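Summary of the model geometry
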Amino acid sequence: MSAPSLMANAPLVIIDLQTGMFDGLHEPPIHDAPAIAERARAVIDWARRGGRKVAFVRHDGPEGDPLAPGEPGWPVWPALQQADDEPTFAKSVRDAFSNSAFGDWVVGQGAGGVVIVGAQTGFCVAATVKAAIARGLGVTVVSDAHSTLDSASESAEQIIARHNDEFAKAGVNLVTTKALVGALVGG
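Here's what I pulled together on the structure shown here. What you see is a predicted model; the values in this text were computed from it and never measured.

Once that is clear, we can look at helix H1 (residues 33-49). Helical geometry: 3.6 residues make up each α-helical turn, so side chains three or four residues apart lie on a common side. Taking 1.5 Å of rise per residue, the 17 residues of H1 would be expected to cover 24 Å, and the 24 Å separating its terminal C-alpha atoms lies within 8% of that figure. Those residues of H1 that sit buried are Ala-33, Ile-36, Ala-37, Ala-40, Arg-41, Val-43, Ile-44, Trp-46 and Ala-47. Phi turns positive, to about 75 degrees, at Gly-51, one or two residues after H1.

Applying the stated rule across the entire model yields 4 aromatic pairs. The interplanar angle of 70 degrees and the centroid separation of 5.5 Å between the aromatic rings of Phe-89 and Phe-102 together place this pair among those described as edge-to-face. Of this pair, Phe-89 sits in strand E3 (residues 88-91) while Phe-102 sits in helix H2 (residues 100-108), and the two are 13 residues apart along the sequence. The exposure class assigned to Phe-89 is buried, which follows from its relative accessible area of 10%. By way of ring pairs, the aromatic residues Phe-89, Phe-97, Phe-102 and Trp-105 are connected into one cluster.

Once that is clear, we can look at the packing of helix H3 (residues 121-134) against helix H4 (residues 156-169). H4 packs onto H3 with a crossing angle of 10 degrees between their chain directions and a minimal axis gap of 11 Å. Comparing their axes, H4 and H3 come out roughly parallel. Like other packed secondary-structure pairs, H3 and H4 cross with a definite hand, here right-handed. Contacts between H3 and H4 pair Thr-121, Gly-122, Val-125, Ala-126 and Val-129 from the former with Ile-159, Ile-160, His-163 and Phe-167 from the latter. Broken down by class, the residue content of the contact of H3 with H4 amounts to 6 nonpolar, 3 polar and no charged.

A few words on unusual backbone geometry. Each neighbour pair has its own omega, and for Ala-119 with Gln-120 the value is -20 degrees, a cis peptide bond. Here Gln-120 lies in the loop between strand E4 (113-119) and H3. Even without a glycine there, the phi angle at Asp-16 is positive, about 55 degrees. Checked against the element boundaries, Asp-16 lands in the loop between strand E1 (12-15) and H1. Residue Asp-16 is classed as buried on the basis of its relative accessible area of 2%. The phi angle at Gln-81 is positive, at roughly 55 degrees, despite the residue not being glycine. Looking at where Gln-81 falls in the secondary structure, it is placed in the loop between strand E2 (54-59) and E3.

Time to look at the pairing of E2. Side chains on a regular strand alternate between the two faces of the sheet. Counting buried residues in E2 gives 6 out of 6 residues, a clear majority hidden from the surface. Of the two faces of E2, the one carrying Val-54, Phe-56 and Arg-58 and the one carrying Ala-55, Val-57 and His-59 are both buried. Examined bridge by bridge, E1 and E2 share 4 bridges and lie parallel to one another. Bridge pairing in E2 links Leu-12 to Val-54.

So, about the nonpolar core. Judged by nonpolar contacts, the single largest core of 30 residues is most densely connected at Leu-12, Ile-14, Leu-17, Ile-30, Trp-46, Leu-80 and Val-142. Ranked by size, the runner-up nonpolar core spans 23 residues in total, among them Ile-15, Ala-55, Val-114 and Ala-132.

This part takes up the pairing of E4. With respect to burial, E4 is a largely interior element, 7 of its 7 residues being buried. With burial as the criterion, each face of E4 is covered, one bearing Gly-113, Val-115, Val-117 and Ala-119 and the other bearing Val-114, Ile-116 and Gly-118. The pairing of E1 with E4 spans 4 bridges and is classified as parallel. Across the sheet, Leu-12 pairs through a bridge with Val-115, a residue of E4. Judged from the 6 bridges that link them, E4 and strand E5 (residues 138-147) form a sheet pairing that is parallel. Considered in E5, the bridge of Ala-119 is made with Ser-147. Taken together, E4, H3 and E5 form a β-α-β motif whose crossover is right-handed.

Criteria and thresholds
Residues numbered from 1 in each chain as written. Predicted model: local features only at pLDDT ≥ 70, side-chain atom pairs only at ≥ 80, totals over all residues. Heavy atoms only, no water. Helix = DSSP H or I, 4+ residues; strand = E, 2+ residues; numbered from the N terminus. Expected span 1.5 Å × (residues − 1). Buried < 20%, exposed > 50% of the residue type's maximum accessible area, 1.4 Å probe, protein only. Phe/Tyr/Trp six-rings, centres within 6.5 Å; stacked < 30°, edge-to-face > 60°. Axes fitted to C-alpha atoms, helices over the stretch in contact; angles between N-to-C directions. Parallel < 35°, antiparallel > 145°, perpendicular 65-115°, else oblique. Left-handed = near helix turned anticlockwise from the far one by under 90°. Contact = heavy atoms within 4.5 Å. Nonpolar A, V, L, I, M, F, W, Y, C, P; charged D, E, K, R; others polar. Pairing = 2+ DSSP bridges. Core = buried A, V, L, I, M, F, W, Y, C linked by side-chain atoms within 4.5 Å. Right-handed = clockwise from strand over helix to strand, strands pointing away.

Put into structure tokens, the structure is as follows:
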């Protein structure tokens, strides 16, 4: 599927692109971190230009965790330039829809779908994709704008590729940043 098959006005959801995913202070940055930030910014700009709503989901880790509220790794990554009118929804588990206010916000957009970028691919991105599908929402994942860390058995590249395949098999619309952004610019 391509960008033109996107549901009109489906909001953009940025999952867990927090300082701790990029700064390398407590664990390595996510795979391809500078490019992920650049692609996420391009998708955010695309959404704003197209009048789509944008929301950020932030993981609230437990006390002592680098992503715990108030810790340096907790805030949304400043390079993403979150606007004042773009909400942040907290979660403490993988699924963003665990926060009922987030689910209500998505439904309130009236689009029947979401566009997703973020981290980490096999955890919070995958769980939120699955939850959105279970709620009957159309899901578009920007296939080159989500990332993760290497695991003991797979490289980050392998994890991302495997999940993109699983997303496609589940009926998710996969689109690259270039195809998405170019679709708006070109048409």
